[in-house]
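Spelled out from the first residue to the last, the chains are:
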Amino acid sequence: MSKNIAPRESEISLAELRGDCARMAPHWVVPATVTPTPVTPALIHGVTVPAASARLIDSMAVYGD
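Residues numbered from 1 in each chain as written. Predicted model: local features only at pLDDT ≥ 70, side-chain atom pairs only at ≥ 80, totals over all residues. Heavy atoms only, no water.

Novice: Explain the overall build of the protein to me, please; I cannot follow it from the model alone.
Specialist: Along the backbone of the protein there are two helices and zero strands. Taking all 65 residues of the protein together, 2% fall into the buried category. When the accessible surface of the protein is summed, it comes to about 6,800 Å², and 64% of that surface belongs to carbon and sulfur atoms. (Helix = DSSP H or I, 4+ residues; strand = E, 2+ residues; numbered from the N terminus. Buried < 20%, exposed > 50% of the residue type's maximum accessible area, 1.4 Å probe, protein only. Areas by Shrake-Rupley, 256 points an atom, 1.4 Å probe, with all protein chains shown as cover.)

Novice: Help me out: how do you make sense of the pattern of salt bridges in this one?
Specialist: Within this structure, the stated rule accounts for one salt bridge. Here Asp 20 makes a salt bridge to Arg 23, at a shortest N to O gap of 2.3 Å. On the criterion of helical spacing, the pair formed by Asp 20 and Arg 23 is a turn pair, its members being three residues apart in helix α1 (residues 14-24). (Salt bridge = Lys/Arg side-chain N within 4 Å of Asp/Glu carboxyl O.)

Novice: Sorry if this is basic, but what is going on with a nonpolar patch on the surface here?
Specialist: On the surface, Val 39, Leu 43, Ile 44, Val 47 and Val 49 cluster together to form a nonpolar patch covering roughly 510 Å² of accessible area. Examined against the element boundaries, Val 39 turns out to sit in the loop between α1 and α2 (51-59). Taking the relative accessible area as the measure of exposure, Val 39 reaches 53% and is therefore exposed. (Patch = residues over 30% accessible without salt bridge, like charges linked within 9 Å, V, L, I, M, F, W, Y side chains within 5 Å.)

Limitation: the analysis is restricted to geometry and does not speak to function.
Next comes the structure, spelled out in structure tokens:
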């Protein structure tokens, strides 16, 4: 029986995790930045929101009240 046991994820240090990320960074592709064109509300058609969803959003302090 082998005594070499792989460490569990919880036993990996932050430094090891950062090293893994640094090694993977060159493989990640960054998409070109696209600036969306603003659309006036008058041009938005066909969007329907269920009444329950509208009430939920309306009751949230960030969006309603």
